[in-house]
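Single-letter residue listing:
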Amino acid sequence: MARTDETGQADPQTPASDTAPIPQPAAGQTTAPGARMPRWLPRSMVLALLLVGVFQLGSWAFHQLLGLLINILIAFFLALAIEPAVSRMAARGVRRGLAAFLVFLGVVVATSGFVTLLGSVLAEQVIKIVEDLPAYLDSVINWVNAHFNTDLKRVDVQEGLLRSAWLREYVENSATGVLDVSAQVLGGLFQLLTITLFSFYFAADGPRLRRAICSVLPPAKQAEVLRAWEIAVAKTGGYIRSRGLMALVSGVAHYIVLETLGVPYAPVLAMWVGLVSQFIPTIGTYLAGALPMLIAFTVDPWYALWVLIFVVVYQQFENYLLQPKLTARTVDIHPAVAFGSVIAGTALLGAVGALIAIPAVATLQAFLGAYVKRYDVTDDPRVEGHRTRGPGGGLAGRLRRLPGQKAGEPAMADATDSPS
């Protein structure tokens, strides 16, 4: 019971009961044992599952179409490379489709003739190597017997090779891999046909393609797209010209060496070295030098060593002297940036990325250069890497200078100096 005072009235400071009142539910609400699920939660779950499904589907489609996208990218850069020639012929009254066809026809005829000539030379040299293989084997055996006091014979060596397990395994693997090689050849031909068709369409319908892209953009964006397209054409053409000049210099240099050594088919081999070393990235140099070394070996094994030495020396000359000068004039890109772009392109797209990395980076650099605000650099010797010397310029001068004192003001006298 509540306490009461002497008059019998209840004490207002004393609560009526020891327990707090239980809140009553509002009208229309029920005291369900569990909370009700929000209405937005099922729809959010369905939307999340739908987004995950769309992402998975897009990722699967992208990986399935990655080969086609790479072919289209190669075709686009090839179209940019031949754009100046096609536009020049179109300006002289030739239909653009016919001009693109004539340019492609010239490229295909030149490439086919070179490959055919090189294939015949290579086949002839392979036959010669096979015919002269017993003589090479006899010379090696005689050298081994003379220097190591052995008694080897060519018949014993041939029988040992024919009875070896690795030779049987190699023949079996080669027989089973004929279908794989045929499939790869057919796939390469189909890929080449795809790139050629897309390149032809991009070059022949260049104005229509630019008009279609600009039709969905506002006028200000149209000017930027056309400017980027023009820069891409100029940089890609400059890259092709620089590579062509380096291929010419490389071919002439290797022709002089091969002709001096008396290696047969020196002009064809020089063309092979020049083109392959410049237009096949990363491994082009080694692939280009292997064939002249092989053919020089058929003349004299020491000639192959001399060819190898010249290839290595010329590669250093090209990397450090020739390529930076030509690249700076035609593509206007720093050699370090060019080297880094090739490494990055190789990591992303393999050999294709290495081939198109330099013109792509040069285009991006030229396009972004117009939007980067630059300022005049002060005439400070430290810009050139020179350390300042003299009063107030070295470490001692900075230590003797009071906080807030400028460099041009005279330094305070030492505390040990007595006043005059």
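Residues numbered from 1 in each chain as written. Predicted model: local features only at pLDDT ≥ 70, side-chain atom pairs only at ≥ 80, totals over all residues. Heavy atoms only, no water.

Asker: Just to check I follow, could you spell out the packing of aromatic side chains for this structure?
Answerer: For any two aromatic rings, the description comes down to two numbers: the centre-to-centre distance and the angle of the planes. By the definition in use, this model includes nine aromatic pairs. Taking the centre distance of 6.0 Å and the plane angle of 85° together, the rings of Phe76 and Phe202 count as edge-to-face. Of this pair, Phe76 sits in helix α2 (residues 66-91) while Phe202 sits in helix α6 (residues 178-204); the two residues are 126 residues apart in sequence, bridging distant segments of the chain. Judged by its relative accessible area of 26%, Phe76 is partly exposed. Residue classification places Phe202 among the buried positions, given a relative accessible area of 19%. Ring geometry for Phe76 and Trp229: centres 5.6 Å apart, planes at 85°, overall edge-to-face. Of this pair, Phe76 sits in helix α2 while Trp229 sits in helix α8 (residues 219-261), placing them 153 residues apart in sequence. (Phe/Tyr/Trp six-rings, centres within 6.5 Å; stacked < 30°, edge-to-face > 60°. Helix = DSSP H or I, 4+ residues; strand = E, 2+ residues; numbered from the N terminus. Buried < 20%, exposed > 50% of the residue type's maximum accessible area, 1.4 Å probe, protein only.)

Asker: Can you help me understand the environment of Gln278 in this one?
Answerer: Examined against the element boundaries, Gln278 turns out to sit in helix α9 (residues 266-279). Put simply, Gln278 and Gly244 are 34 residues apart on the chain and 7.8 Å apart in space, counted from C-alpha to C-alpha. Gln278 has contacts with Arg243, Met246, Ala247, Ser250 and Glu318, leaving out every residue within four places of it along the chain. Within the structure, the side chain of Gln278 is placed 3.0 Å from the side chain of Arg243, a separation counted as a polar contact. (Contact = heavy atoms within 4.5 Å. Polar contact = N/O pair within 3.5 Å; in protein donor to acceptor, adjacent residues only side chain to side chain.)

Asker: Before we go on, may I ask you to explain the packing of α2 against helix α13 (residues 351-369) in this structure?
Answerer: When two helices pack together, their arrangement is given by the angle between their axes and by how far apart the axes lie. Packing of α2 against α13 leaves a shortest axis separation of 11 Å and a crossing angle of 45°. As the angle between them shows, α2 and α13 are arranged oblique. α2 and α13 meet at a crossing whose hand is left-handed. Mapping the contact onto sequence places Ile70, Leu73, Ile74 and Phe77 in α2 and Val352, Ile356, Pro359 and Ala360 in α13. Per-class residue counts for the contact of α2 with α13 are eight nonpolar, no polar and no charged. (Axes fitted to C-alpha atoms, helices over the stretch in contact; angles between N-to-C directions. Parallel < 35°, antiparallel > 145°, perpendicular 65-115°, else oblique. Left-handed = near helix turned anticlockwise from the far one by under 90°. Nonpolar A, V, L, I, M, F, W, Y, C, P; charged D, E, K, R; others polar.)

Asker: Explanation requested: the nonpolar core in the structure shown.
Answerer: For soluble globular proteins, the rule of thumb is that nonpolar side chains tend to be buried together. Among the nonpolar cores identified, the biggest contains 18 residues, and Val263 and Trp272 are the most heavily contacted of them. At the level of elements, α3 (96-148), α8, α9, α10 (284-299) and α11 (301-330) are the ones that each hand at least two residues to this core. Sort the elements by how many residues they give to this core and α9 lands first, with six residues. Apart from the residues within four sequence positions on either side, Val263 is in contact with Leu258, Leu269, Ile295 and Ala296. Core analysis: the second largest hydrophobic core is formed by 14 residues, Ile74, Ala75, Ala99 and Phe202 among them. (Core = buried A, V, L, I, M, F, W, Y, C linked by side-chain atoms within 4.5 Å.)

Asker: Would you take a moment to explain α13 for this structure?
Answerer: Structural remark: α-helix, 3.6 residues per turn; residues separated by three or four positions point the same way. For α13, spanning 19 residues, the distance from its first C-alpha to its last is 28 Å, which sits close to the expected 27 Å at 1.5 Å a residue. The largest bend along α13 measures about 45° and falls at Ala357, with the proline Pro359 one to four residues further on. (Expected span 1.5 Å × (residues − 1). Bend = angle between axes of the 7 residues up to and from the residue.)

Asker: Can you help me understand α9 in this one?
Answerer: Its 14 residues place the ends of α9 20 Å apart at the C-alpha level, agreeing with the 20 Å of an ideal helix rising 1.5 Å per residue. α9 sits mainly inside the fold: 10 of its 14 residues count as buried. For α9, the complete set of buried residues consists of Ala266, Val268, Leu269, Ala270, Trp272, Val273, Gly274, Val276, Ser277 and Gln278.

Asker: What is the right way to read unusual backbone geometry from this model?
Answerer: Trans peptide bonds make up most of the peptide bonds, and negative phi angles are found at most residues other than glycine. Even without being glycine, Asn149 reaches a positive phi, approximately 55°. Within the secondary structure, Asn149 sits in the loop between α3 and α4 (154-162). Despite not being glycine, Tyr265 shows a phi value in the positive range, around 55°. Looking at the element boundaries, Tyr265 is found in the loop between α8 and α9.

Asker: Can you help me understand the packing of α2 against α3 in this one?
Answerer: Taken N-terminus to C-terminus, the directions of α2 and α3 make an angle of 130°; their axes are 9 Å apart at the nearest point. If you check the angle between α2 and α3, you find them oblique. The crossing of α2 and α3 is right-handed. For the pair α2 and α3, the contacting residues are Ile82, Glu83, Ala85, Val86, Ser87, Met89 and Ala90 in the first and Arg96, Ala99, Ala100, Leu102, Val103 and Phe104 in the second.

Asker: Which parts of the structure should I look at to understand the side chain of Asn145?
Answerer: Along the chain, Asn145 turns up in helix α3. Residue contacts for Asn145: discarding those within four places in its chain leaves Thr150, Asp151 and Leu152.

Asker: I keep staring at the pattern of salt bridges and nothing clicks. Help me out?
Answerer: Side chains that differ in charge, positive against negative, can pair when their charged atoms come close. Applying the stated criterion across every chain yields a total of two salt bridges. Notably, a salt bridge pairs Glu83 with Arg96, separated by 2.6 Å at the nearest N-O pair. In this pair, Glu83 is assigned in helix α2 and Arg96 in helix α3, connecting sequence segments 13 residues apart. Summarising the burial analysis for this pair, Glu83 and Arg96 share the class buried. Here Glu83 and Arg210 are joined by a salt bridge, their closest N and O atoms 3.8 Å apart. Of this pair, Glu83 sits in helix α2 while Arg210 sits in helix α7 (residues 206-214); the two residues are 127 residues apart in sequence, bridging distant segments of the chain. The exposure class of Glu83 is buried, given its relative accessible area of 7%. Residue Arg210 is classed as buried on the basis of its relative accessible area of 18%. Among the charged side chains, a network of salt bridges with common partners joins Glu83, Arg96 and Arg210. (Salt bridge = Lys/Arg side-chain N within 4 Å of Asp/Glu carboxyl O.)

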